[in-house]
Amino acid sequence: MQDTHGEEQVLTVGIEEKLSVGANMTYGLQHLLALTGIFLFPVLIGQALKLDSSVIGYMIQACFLTTGLVTVLQSGRMLRLPVVQGPTAAFFVAVLSAGASVGLGTAFGSMAVAGIIFMLLAIPIRRLGLIGYVNKFISPPIVYGTLLIIIGAQLASIGLKNWFGSAGMGINFIASLVTVLCVLVCMVVGGNTIVRRGALLWGILIGTIFYSIFGTTDFSAVASASWFSLPGVFPFGFGVSIPIVILMLLAFLQASAEAVGMYTLLTKWGKQQLSNERVNRGLFGEFLGCTLGAIFGGLGTTSYPENIGIVRVSGIGSRYVTMTAGILAIVLGLIPKVGMFIASLPGPVLSAASTILFGIIAISGVQMVSKVVWDELNLVVAGASFIISLGTMYLPAELTTKLPLAIQSVVTQPMLVGVVLLIGLNTIVNMWLRPLLARRTEREAILPEATSEVV
């Protein structure tokens, strides 16, 4: 197997090998530090929807809990791979959009319904699971890589403008610059250490310290928060909207494509087989955990490339390490003080860190599409999907407001339009038309030869 650098990847600690409790805790914590979506996405949703800090804090708890549940399922009996799950940009965009239009209760209620639908499609019993069989439609680099570029470009409208905050713009901007510079330094000089892997968190930490010294921070809510609480069931209320269910189904589809790509890498590195049945087991576990998380108010998750990178660089592929990371995440999800502390971090600092994260998402897509052979057919698939998807951000409001909610919820989201276009065009062009054109070219090449022989 070749890794992303073209060298043979050999795990120094195999997938089924067990380490000491101390080693599991150390390496498991390292995996948690890479889950930057937990620290950023709930806060950005809260800022956009103007939520109270206590609500944001609870959502952070729910994200930790969701992450932990799915990671334990995947590392355990469901998938048996060193997979760490975390909130994904697809669900971040979907919940942000749905929360603004219909409220968080309907957003998470619809996510739970969509999760149940995907669970039924991935039932890991003999040949009942269907998702594993459609993997070839959703996981090609041209589909997933271009989609990451679209998502990164869409999220670009969120990060930079929030560097300035609403008051004290000077200190806000300077703190944002300090955060970004710290992240960049850690990423450049950190080597293959926890300094580089936790670069975004170290940037947030330094930016927060800087902001506390020269600006104003308020962590009083952390002191008043309790040390332990169980999650609520649909804490934001419950509702279901068919358009929002469609929105969430597309987010689950995107998450499925990312997850299967990670399964493929890990099984090859660990010299294991990835059958359709195993794919269905993994996706069923992911959908089950995301559904439970939605019930508690947490964002849907997928396999994090950053954590796969940690496995690749460290060579430690033990699924017991990632299972430990999942248990630690569940514990953190039961401590309200943790959620309130993260919710109290300065907004400009988090926005600056999110800017780097969104850029990494986009460039990861560029890295993936570099594997694509860019002939005319692939240019049609990616080019049309990319420009049309981003163009939806500029549709005139007088047009979109007149559309039914079901259509409006989809056509105004570049990520969702991108999923549909990329899968549809790739299926039509590369899976149907390309073989037909290849056979026609072969016939045309044979015909002159046959004619010359006759002559």
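This structure is a prediction, so every number in the text was calculated from the model and none was measured. Counting of residues starts from 1 at the beginning of each chain's written sequence and follows it residue by residue. The predicted nature of this model means local features are confined to residues of pLDDT at least 70 and side-chain atom pairs, given and counted, to a pLDDT of 80 or more, with totals for whole chains, interfaces and linings taken over all residues. To obtain the side-chain values, all non-hydrogen atoms of the structure were used and water was disregarded.

Trainee: Help me understand the overall build of the protein in this model?
Mentor: Secondary structure follows DSSP: runs of H or I at least 4 residues long count as helices, runs of E at least 2 residues long count as strands, and numbering of each begins at the N terminus. Scanning the protein for helices and strands turns up 21 helices and 2 strands. For a compact globule of 455 residues, the expected C-alpha radius of gyration is about 23 Å, and the protein comes in at 23 Å, within 12% of that figure. For the protein, the spread of C-alpha atoms along the three principal axes comes to 95 × 60 × 45 Å. Looking at the protein as a whole, 53% of its 455 residues qualify as buried. Pairs at least 24 apart in sequence give 84% of the contacts found in the protein among residues at least 6 apart. Here the Shrake-Rupley method, with its probe set to 1.4 Å, supplies the accessible areas, and only the displayed protein chains count as covering residues. Counting only carbon and sulfur atoms, one obtains 69% of the accessible surface of the protein, whose full area is about 19500 Å². His residues and chain termini do not enter the charge count, which takes Lys and Arg as positive and Asp and Glu as negative. One atom stands in for each charge, and that atom is NZ of Lys, CZ of Arg, CG of Asp or CD of Glu. Counting 23 positive and 18 negative side-chain charges, the protein places the averaged centre of each group 8 Å from the other. When we talk radius of gyration, it's over C-alpha atoms, and the globule rule is simply 2.2 Å times the number of residues to the 0.38. For the exposure calls, accessible area comes from a 1.4 Å probe over protein chains only, and a residue counts as buried if that area is under 20% of its type's maximum, exposed if over 50%, partly exposed in between. It only takes one pair of heavy atoms within 4.5 Å for two residues to be counted as in contact.

Trainee: How should the packing of helix H2 (residues 36–49) against helix H3 (residues 53–75) be read in this particular structure?
Mentor: Describing two packed helices takes the angle between their axes plus the distance from one axis to the other. In this analysis, axes come from line fits to C-alpha atoms, helices being fitted only over the stretch in contact, and the angle between any two N-to-C directions falls in the range 0 to 180 degrees. Orientation of H2 relative to H3, taken along the N-to-C sense of each, is 145°, at an axis distance of 9 Å. Seen from above, H2 lies across H3 with right-handed handedness. Judged by residue contacts, Ile-38, Phe-39, Pro-42, Val-43, Ile-45, Gly-46 and Gln-47 of H2 engage Ile-56, Met-59, Ile-60, Cys-63, Phe-64 and Thr-67 from H3. Any residue that is not Ala, Val, Leu, Ile, Met, Phe, Trp, Tyr, Cys, Pro, Asp, Glu, Lys or Arg is counted as polar, Gly included; the first ten are nonpolar and the last four charged. Split into classes, the residues belonging to the contact of H2 with H3 amount to 10 nonpolar, 3 polar and no charged. In a left-handed crossing the near helix is turned counterclockwise from the far helix by less than a right angle, and in a right-handed crossing that turn is clockwise.

Trainee: I keep staring at the state of the cysteines and nothing clicks. Help me out?
Mentor: Here a disulfide denotes one covalent bond, and it connects the sulfur atoms of two cysteines. To count as a disulfide, a pair of cysteine sulfur atoms needs to be within 2.5 Å. In total, this model carries 0 disulfides according to the counting rule given. As a non-bridged cysteine, Cys-186 has Cys-182 as the owner of its nearest cysteine sulfur, 4.2 Å distant. By relative accessible area, which is 11% here, Cys-186 ends up buried.

Trainee: Explain a nonpolar patch on the surface here, please?
Mentor: For patch building, the residue pool is restricted to those with more than 30% relative accessible area and no salt bridge; the joining distance is 9 Å between like charges and 5 Å between nonpolar side chains (Val, Leu, Ile, Met, Phe, Trp, Tyr). The term salt bridge refers to a side-chain nitrogen of Lys or Arg lying within 4 Å of a carboxyl oxygen of Asp or Glu. Together, Leu-181, Leu-184, Val-185, Met-187, Val-188 and Val-189 make up an exposed nonpolar region whose accessible area comes to about 570 Å². Mapping Val-189 onto the fold places it in helix H8 (residues 169–189). Here Val-189 falls in the exposed class, since its relative accessible area comes to 63%.

Trainee: How should the packing of aromatic side chains be read in this particular structure?
Mentor: Describing an aromatic ring pair means giving the distance of the ring centres and the angle of the ring planes. Two rings from Phe, Tyr or Trp (for Trp, the six-membered ring) form a pair when their centres sit within 6.5 Å of each other. Planes less than 30 degrees apart are called stacked, planes more than 60 degrees apart edge-to-face, and all others tilted. Summed over all chains, the structure comprises 9 aromatic pairs. On the basis of an interplanar angle of 25° and a centroid distance of 5.6 Å, the ring pair of Phe-118 and Phe-252 is categorised as stacked. Placement of the pair is Phe-118 in helix H5 (residues 104–121) and Phe-252 in helix H12 (residues 242–269), with a sequence separation of 134 residues. Each member of the pair, Phe-118 together with Phe-252, is buried.

Trainee: For this particular structure, what's the right way to read the pattern of salt bridges?
Mentor: If the charged atoms of two oppositely charged side chains come close together, the side chains can form a pair. Taken as a whole and judged by the stated rule, the model has 3 salt bridges. Put simply, Glu-16 and Arg-80 hold a salt bridge, and the shortest N to O gap is 3.5 Å. Placement of Glu-16 in the segment before helix H1 (21–33) and of Arg-80 in the loop between H3 and strand E1 (85–87) is noted, with a sequence separation of 64 residues between them. Between Asp-375 and Arg-434 there is a salt bridge, with its nearest N and O atoms 2.7 Å apart. In this pair, Asp-375 is assigned in the loop between helix H17 (347–369) and helix H18 (376–391) and Arg-434 in helix H21 (residues 414–454), connecting sequence segments 59 residues apart.

Trainee: How do you make sense of the confidence of the model for the protein when you look at a structure like this?
Mentor: A residue's pLDDT is simply how confident the predictor is in it, with values from 0 to 100. Looking at the protein, pLDDT values average 82 and 90% of them are 70 or higher. Long-range and interchain partners of residues 1–9, a stretch whose pLDDT sits below 50, account for 16 contacts in this model, where long-range means more than four residues apart.

Trainee: Hey, could you run me through the environment of Ser-303 in this one?
Mentor: For Ser-303, the location among the structural elements is in strand E2 (residues 301–303). C-alpha of Ser-303 to C-alpha of Val-70: the two residues are 233 residues apart in sequence and 9.6 Å apart in space. Beyond its immediate stretch of four places on either side in the chain, Ser-303 contacts Val-83, Val-84, Gln-85, Glu-258, Ala-259, Met-262, Tyr-263 and Glu-286.

Trainee: What am I meant to see in helix H14 (residues 305–314) here?
Mentor: Note: α-helices contain 3.6 residues per turn, so residues at a spacing of three or four share the same orientation. For H14, the full list of buried residues reads Asn-307, Ile-308, Gly-309, Ile-310 and Val-311. Residue Gly-315 follows H14 closely and has a positive phi angle near 80°.

Trainee: Mind showing me how you'd approach unusual backbone geometry here?
Mentor: The phi angle of most residues is negative, glycine excepted, and most peptide bonds adopt the trans form. At Lys-50, a position not held by glycine, the phi torsion is positive, near 55°. The class for Lys-50 is exposed, based on a relative accessible area of 72%. Phi is positive for Lys-271, close to 55°, though the residue is something other than glycine.

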